[in-house]
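Observations on chain architecture
So the chains spell out like this:
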Amino acid sequence: MSKRPNYESDEKTFSAEAYKVEKYVGVAWYVLGWETEPDEDTEWTGIENRTGRVVMIMVGDDRRFVFELDEVTALAREEYCSECGQIGCTHDGLDRS
Ligand SMILES: [Zn+2]
């Protein structure tokens, strides 16, 4: 069964605008938040538990991927393109000088 992972946002931990992931060279990602999963109490409490993994989407896409926290590194804004999501592309019109 594959389901869309749920997440809990955490803007303090994930304060950068975008991130990179080791095994996806050249692609910028947005962090949605911590992955959460229901346990046996969720039906009653509505509360899901954090798994310690991170839910992310590629810039320009909305498919959710899950990564370990240590696979994820913050990017500076000028390192990636906010239009196509490529690291090193400068066609989004940002002033990088
Ligand atoms: Zn671009």
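See above for the structure.
Below is a summary of the structure that appears in this document. Here, residues in each chain are numbered from 1, in the same order as that chain's written sequence. Only residues with pLDDT of at least 70 get local features here, since the model is predicted, and only at 80 or more are side-chain atom pairs given and counted; chain-wide, interface and lining totals rely on the full set of residues.

The subject of this paragraph is the overall build of the protein. Secondary structure is summarised from DSSP: a helix means a run of H or I of at least four residues, a strand means a run of E of at least two, and numbering begins at the N terminus for each. Helices and strands together make up the secondary structure of the protein, namely one helix and six strands. Sequence-ordered secondary structure for the protein, helices as α and strands as β, is β-β-β-α-β-β-β. For the C-alpha atoms alone, the extent of the protein along its principal axes is close to 55 × 30 × 20 Å. Exposure classes come from backbone-placed C-beta atoms, where a residue is buried if 20 or more other C-beta atoms lie within 10 Å of its own, exposed if 12 or fewer do, and partly exposed in between. When the 97 residues of the protein are sorted by exposure, 18% land in the buried category. We call two residues in contact if the C-beta atoms placed from their backbones are at most 7 Å apart. Long-range pairs, those at least 24 residues apart, make up 52% of the contacts in the protein between residues at least 6 apart in sequence.

This part covers the environment of Asp61. Relative to the helices and strands, Asp61 resides in the loop between β4 (49-58) and β5 (65-68). For Asp61, a count of 12 C-beta atoms within 10 Å translates into the label exposed. Here the alpha-carbon distance between Asp61 and Ala28, two residues 33 residues apart in the chain, equals 11 Å.

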